[in-house]
Amino acid sequence: MAVTERLYYADSHLIEFEARVVDVTDRVSGWTAVLLDRTAFYPTGGGQPSDTGTLEGLRVVECIDDGDKGVLHVVQGVAPARDAVVRGRVDWPRRLDHMQQHTGQHILSQAFVTLFNAPTKGFRVLESACEIDVELHEPTTEKIERAVELANNVIWEDRAIAIRNVSSEEAAELTLRKESSREGELRLIEIDGFDLTPCGGTHAFRTGEVGMIAVRSWERAKGLTRMEFVAGTRALADYRKANRSAREVAALLSSAREDIPQLTAQLLEENKELHRQIRVLEELAAEVEAGRLLATAVDGVVTQVFERRTPESLKKLAQALTTHPGITALLGSHDKDAARLVFARSADAHGDMNALMREACTMLDGRGGGRPDLAQGGGKNIEKLDAALTQAAQSLKRP
Ligand SMILES: [Zn+2]
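The shown structure was predicted, so the numbers you read here are calculated from the model rather than taken from an experiment.

Here's the deal with the coordination of the zinc ion
Each angle at a metal carrying four tetrahedral donors should ideally be 109.5 degrees, and each at a metal carrying six octahedral donors should ideally be 90 or 180 degrees. Protein coordination at the zinc ion: the donors are His-102 (NE2), His-106 (NE2), Cys-199 (SG) and His-203 (NE2), at 1.8 to 2.2 Å from the metal. In primary-sequence terms, the residues that donate to the zinc ion follow H-x3-H-x92-C-x3-H. By the burial criterion, Cys-199 is buried, and His-203 matches it.

Structure, rendered in structure tokens:
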């Protein structure tokens, strides 16, 4: 079986090529895998997702590294016949994006080695960002920003990036950023005067092509420091998104973008204080309201229905009422979906609020309960709210 010649090894900017179909195999889900004698398509591997594109007009949805056999091109539609000569085209924006992230990772990883002797243990290109796991001792934002600074300087120095194919004996004489597990000839990626590491991915021709690198966030994960970073076009997209959010918040606060953290902290503090004041006022209002409702008491029982009152507010009112001696409060409230009840009595009043509540909630097709002196509940049968309260008041009268 012929081995696919990997054109992307020699030229990461080659996006159009001709090749001969070596093999065609049906795959599950009705797609077809095409094996070519040569390809510019990069297959998924080394933390870098596969290229996409077209093969003789057919959509190439994914490329899979089949080891010694070569690269499998998964296509939709009727695949070309064996031995046919086909024209392939790689999606350039996606390839450029992956090259920027991948080359950016080489640069950022070497920056951590240079500054903190901290090797990279893992790398993934995700949907909109990338992740690296670095063995960074005592991570801080300052340390990470120093590495980002160095990485960007290397990008802006626009250093050349060369591919060096060496034997494992030659490689043993060189200082590589990471060891390779591969036998035989090694493919090394050399960033002029900065980094030398074995890698089979697609890389920029010069560091300037990466554009810039920014670390979005970091956290400690399994003894390593996991960083989310973006390079190139992703960094620009991320900047636009972050800038838009910041400007929208700034407009809401009628302030400059730079002032929003301080202003927001201030607002949150004010909000906390307002909530405290509202609680004080609610207690006060409940006391005043209780004073008014006491005048409506019949044999010490206050029965009242409200509209759209929160359970919390009902409970506060019931508590304010029952601070007075000999009082039982049977309170209800409803909105368009549900009815709520709070039953409470003073310490010296009689009656089991829990039992009354269970009875009332049965009428409301709901549930509720509590203690002998305070119970809460509710249900969906709003029409029965008045009847449930009347019944509770009558049950109280029974000895
Ligand atoms: Zn690489």
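Next comes the rest of the description.
Looking at the packing of helix α8 (residues 353–363) against helix α9 (residues 385–397)
To describe two helices that pack against each other, one gives the angle between their axes and the distance between the axes. At their nearest, the axes of α8 and α9 sit 9 Å apart, and the two run at 150° to each other. Our pair here, α8 against α9, has a crossing hand that is right-handed. For the pair α8 and α9, the contacting residues are Met-353, Leu-356, Glu-359, Ala-360 and Met-363 in the first and Ala-387, Ala-388, Gln-391, Ala-392, Ser-395 and Leu-396 in the second. For the contact of α8 with α9, the class distribution of residues is eight nonpolar, two polar and one charged.

Digging into the packing of aromatic side chains
In total, this model carries five aromatic pairs according to the counting rule given. Pairing Tyr-8 with Tyr-42 gives two aromatic rings, centres 5.2 Å apart and planes at 75°, and the pair type is edge-to-face. A residue pair is termed long-range when its members are at least 10 positions apart, and Tyr-8 in helix α1 (residues 7–10) and Tyr-42 in the loop between β4 (38–39) and β5 (53–55) qualify at 34 residues. By the burial criterion, Tyr-8 is buried, and Tyr-42 matches it. One aromatic cluster in this structure is built from Tyr-8, Tyr-9 and Tyr-42. A cation sits over an aromatic face here: Arg-309 above Phe-306, 4.4 Å from the ring centre.

Comments concerning the sheet that holds strand β2 (residues 16–26)
Sheet strands associate in pairs through backbone hydrogen bonding, adopting either a parallel or an antiparallel arrangement. Pairing within the closed barrel is antiparallel, and its six strands lie in the order β2-β3-β7-β6-β5-β8. Strand-to-strand twist of the sheet, defined as the mean angle between neighbouring strand axes without regard to direction, takes the value 45°. Relative to strand β3 (residues 32–36), β2 is paired through five bridges, and the arrangement is antiparallel. Looking across to β3, one finds that Val-21 is bridged to Leu-36.

Describing the pairing of strand β8 (residues 85–90)
The alternating pattern of β8 places Val-86, Gly-88 and Val-90 on a buried face, while none of Val-85, Arg-87 and Arg-89, on the opposite face, is buried. In the sheet, β2 pairs with β8 via five bridges, with the strands oriented antiparallel. Residue Glu-16 lies in a different strand from β8, and its bridge partner there is Arg-89.

A word on the nonpolar core
Residues Ile-107, Leu-108, Phe-112, Ile-213 and Phe-229 are the most contacted members of the largest nonpolar core, which totals 29 residues. Only α2 (92–116), β9 (120–125), β10 (130–134), α3 (141–156), β12 (186–191), β14 (213–221) and β15 (224–231) provide two or more residues apiece to this core. Looking at this core element by element, the count peaks at six residues for α3. In contact with Ile-107, other than residues within four places in its own chain, are Ala-151, Val-154, Ile-155, Ile-191, Phe-194, Thr-207 and Val-210. By size, the runner-up hydrophobic cluster in this structure holds 18 residues, among which are Leu-330, Ala-339, Leu-364 and Leu-385.

Cut-offs used in this document
- Residues numbered from 1 in each chain as written.
- Predicted model: local features only at pLDDT ≥ 70, side-chain atom pairs only at ≥ 80, totals over all residues.
- Heavy atoms only, no water.
- Donors = N, O, S within 2.8 Å, 3.2 Å for Na, K, Ca; no water.
- Buried < 20%, exposed > 50% of the residue type's maximum accessible area, 1.4 Å probe, protein only.
- Axes fitted to C-alpha atoms, helices over the stretch in contact; angles between N-to-C directions.
- Helix = DSSP H or I, 4+ residues; strand = E, 2+ residues; numbered from the N terminus.
- Left-handed = near helix turned anticlockwise from the far one by under 90°.
- Contact = heavy atoms within 4.5 Å.
- Nonpolar A, V, L, I, M, F, W, Y, C, P; charged D, E, K, R; others polar.
- Phe/Tyr/Trp six-rings, centres within 6.5 Å; stacked < 30°, edge-to-face > 60°.
- Lys NZ or Arg CZ within 6 Å of the ring centre and 35° of its normal.
- Pairing = 2+ DSSP bridges.
- Core = buried A, V, L, I, M, F, W, Y, C linked by side-chain atoms within 4.5 Å.

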